[in-house]
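# Descriptive analysis of the structure
Each chain, written out:
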Amino acid sequence: MKIAVTGSEGRLGSWLVNKYGFTPLNCDVTKPEEVKHFIKSISPDVIIHTAAMTNVAQCEENPQKAFTVNVEGTKNIVDNFTRGLLIYISTVHVFDGNKQALYTETSKPSPLNRYGWTKWIGEEMAKFGTHQTIIVRTSKLFDLSYLAPGMKLLQNGEPQDYPAFIHRSFIYVPHFIDELMKLIELHETAPSIVNIAGGLSFSYYNFWDAIANEFGYNRGLILARTIDNGDVARPKNGGLSTKLAESIGLPIYSALDGIKAIKEIM
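Reading the values: rules and limits
Residues numbered from 1 in each chain as written. Predicted model: local features only at pLDDT ≥ 70, side-chain atom pairs only at ≥ 80, totals over all residues. Heavy atoms only, no water. Pairing = 2+ DSSP bridges. Helix = DSSP H or I, 4+ residues; strand = E, 2+ residues; numbered from the N terminus. Buried < 20%, exposed > 50% of the residue type's maximum accessible area, 1.4 Å probe, protein only. Right-handed = clockwise from strand over helix to strand, strands pointing away. Phe/Tyr/Trp six-rings, centres within 6.5 Å; stacked < 30°, edge-to-face > 60°. Salt bridge = Lys/Arg side-chain N within 4 Å of Asp/Glu carboxyl O.

## Structural notes on the sheet that holds strand β11 (residues 202-203)
Backbone-to-backbone hydrogen bonds join strands into a sheet, with any given pair of strands oriented parallel or antiparallel. The strand order across the open sheet built from three strands is β11-β8-β13, with neighbouring strands paired in mixed fashion. In this open sheet, the two edge strands, each paired with only one partner strand, are β11 and β13 (237-238). Across two bridges, strand β8 (residues 167-168) lies against β11 in antiparallel orientation. Bridge pairing in β11 links H167 to S203.

## A closer look at the pairing of strand β5 (residues 132-138)
Among the seven residues in β5, six count as buried, and that is most of the element. Examined bridge by bridge, strand β4 (residues 85-91) and β5 share seven bridges and lie parallel to one another. Paired with L86 across the bridge in β5 is T133. Regarding topology, helix α5 (residues 114-126) serves as the crossover connection from β4 to the parallel β5, and that connection is right-handed. Relative to strand β10 (residues 193-195), β5 runs parallel, the two being bridged by three bridges. Each bridged residue has a counterpart across the sheet, and for I135 the counterpart in β10 is I193.

## Description of the packing of aromatic side chains
Scanning the model with the defined rule gives eleven aromatic pairs in all. Residues Y162 and W208 carry aromatic rings whose centres are separated by 4.9 Å and whose planes lie at 5 degrees to one another, so their mutual orientation is stacked. Taken together, the positions of Y162 in strand β7 (residues 160-163) and W208 in helix α8 (residues 204-215) put the pair 46 residues apart, joining distant regions of the chain. Of the residues examined, W208 reaches a relative accessible area of 3% and is grouped as buried.

## Digging into the pattern of salt bridges
Within the structure shown, the criterion is met by twelve salt bridges. R11 is the salt-bridge partner of D143, the closest N and O atoms lying 3.2 Å from each other. With a gap of 132 residues between them, D143 in the loop between β6 (140-142) and α6 (144-155) and R11 in helix α1 (residues 11-19) connect regions that are remote in the sequence. For D143, a relative accessible area of 4% gives the class buried.

By themselves, these observations are geometric and do not establish any function.
This is how it looks when you write it as structure tokens:
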């Protein structure tokens, strides 16, 4: 299958293009004619739609741009991709984070912020058209470039605080892609929404404490922040259930598996 990727400069998109060799859909998704031209010239069997405005604060500051990129950009893909498989990468931000248990594929979205709203509308937009759509929700992707600044501070003996009240199902980018490729392989019988996330949920504090422990840094430098002083509402519980993914044969990885994998390559 010929697999094309939008958002090839983002964390996930750059891995898919630079490390896995998939074809970049190098167009501005907000420009219909560009999208039409590139889809026609590439003629992909699969489009992995990662392009999005993901900075939560910037989405609040510029809601029109967030809507244009996340919703209208998705519509432009849908309008010009008439056959094949569309993988729409979505987020736990479609939920309000008030649920005590992990969110499943059947949990009802209720976003707290504009980023979450535009991604949820984008999900609905992705369902239109004559192609097959699979919505993939994830919680928090990480790789070495994401961890590097914090690890450098730990190496220098500088303390840093992380929220103990915000939980995510962290997953290492190559592990996410491993599951994604298996999902594409099984796409003909796959459900329309699948969570691909770490098999466990950690607070940011616990996540970074695990990093300090694995790499032998001073764990006392990791401080738990208990006060929410953020300027944008975010879901506090961002844990995603991976039971459905496991039931259809996707490999399941935890954040700890990803931390250990990074240690092996350093």
